Amino acid sequence: MKRESLRNFFKAYRVGFDLWAIVLFAIIMLPNIIALCIPEFQAGLNTDTGALEISATVFQVLFVVLLVFIERKGEQRLNFRSPLVSVCGLAVLAYYIAWIFFFCFFLNAAVYLSLAIFPSAAFLVFEVERKNWFAFVPTSVFAILHLVSSCIAFLI
C-alpha cells in the first residue's frame with residue numbers, strides 16, 4: 001500500500017520549467033546582487049559561518065533547481081487570486097522594505113532577521129501554492145540554516 005502511494009506521488013510530477021519560480025528567484029536575488037556590487041555594503045552581508053554557510057548554499061542550489069525544474073502535473077498556471085500568492089507577495093514586499101533599511105544603514109536585529117526570514121517564507125509559500133513538495137523540503141532546511149547562520153553572524 002505505501003509503495004503504491006509513493007509511486008502515485010512521483011507520478012504526479014514531471015520535469016519542466018516553472019517560469020514564475022525563476023521570476024521569484026530573480027526578484028529575491030536582485031537586491032543581493034546590487035549589494036554585492038557596492039563595496040560599502042559587502043561587509044554587512046558577510047556571514048563567514050564556514051560549514052553552516054556552505055551547507056545553506058548547497059540546499060539553496062538544490063531547492064532552486066527543484067523549484068524551477070520540477071512541476072506538478074496540471075499546475076502550469078499561477079493563480080494570482082490565490083491567498084497564498086498574496087502572502088508570497090507580502091513576504092517579498094517585507095523583504096524589500098528590509099533591504100531599504102539595509103541600504104540606508106539602519107542595521108539592527110530586525111533588519112538582519114527580516115533579510116533571512118522573508119525570502120525563505122516567500123519561497124515556502126510559493127512552493128505550497130505550486131504544490132512542489134520536492135522543493136519544499138530543501139527550502140525548509142535552507143531556511144533554518146540561513147536563519148541560524150544569520151543569527152550567529154549578526155546577532156551573537
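To keep things clear, this report deals only with the structure shown in the data block.

Definitions and cut-offs
Residues numbered from 1 in each chain as written. Predicted model: local features only at pLDDT ≥ 70, side-chain atom pairs only at ≥ 80, totals over all residues. Heavy atoms only, no water. Helix = DSSP H or I, 4+ residues; strand = E, 2+ residues; numbered from the N terminus. Buried < 20%, exposed > 50% of the residue type's maximum accessible area, 1.4 Å probe, protein only. Axes fitted to C-alpha atoms, helices over the stretch in contact; angles between N-to-C directions. Parallel < 35°, antiparallel > 145°, perpendicular 65-115°, else oblique. Contact = heavy atoms within 4.5 Å. Nonpolar A, V, L, I, M, F, W, Y, C, P; charged D, E, K, R; others polar. Disulfide = S-S within 2.5 Å.

Tracing the chain through its elements places Ala 135 in helix 7 (residues 133-154). Given the relative accessible area of 0%, Ala 135 is considered buried. Sequence spacing of Ala 135 and Leu 66 is 69 residues, and the spatial spacing of their C-alpha atoms is 5.0 Å.

The next subject is the packing of helix 6 (residues 109-130) against helix 7. Packing of helix 6 against helix 7 brings their axes to within 9 Å, and their N-to-C directions diverge by 175 degrees. One element, helix 6, and the other, helix 7, form an angle in the roughly antiparallel class. Within the contact between the two elements, helix 6 uses Tyr 112, Leu 113, Leu 115, Ala 116, Ile 117, Ser 120, Phe 123, Leu 124, Glu 127 and Val 128 and helix 7 uses Trp 133, Ala 135, Phe 136, Thr 139, Ser 140, Phe 142, Ala 143, His 146, Leu 147, Ser 150, Cys 151 and Phe 154. Looking at the contact of helix 6 with helix 7 residue by residue, the class counts come to 16 nonpolar, 5 polar and 1 charged.

Our next topic: the state of the cysteines. Enumeration according to the criterion identifies 0 disulfides in this entry. Lacking any disulfide linkage, Cys 104 is separated from the closest cysteine sulfur, that of Cys 37, by 18 Å.

Right, let's talk about the environment of Phe 69 for a bit. Along the chain, Phe 69 falls in helix 4 (residues 51-69). The partly exposed category is assigned to Phe 69, whose relative accessible area is 38%. Once you skip the residues sitting within four places of it in the chain, Phe 69 turns out to touch Arg 14, Val 15, Gly 16 and Phe 17.

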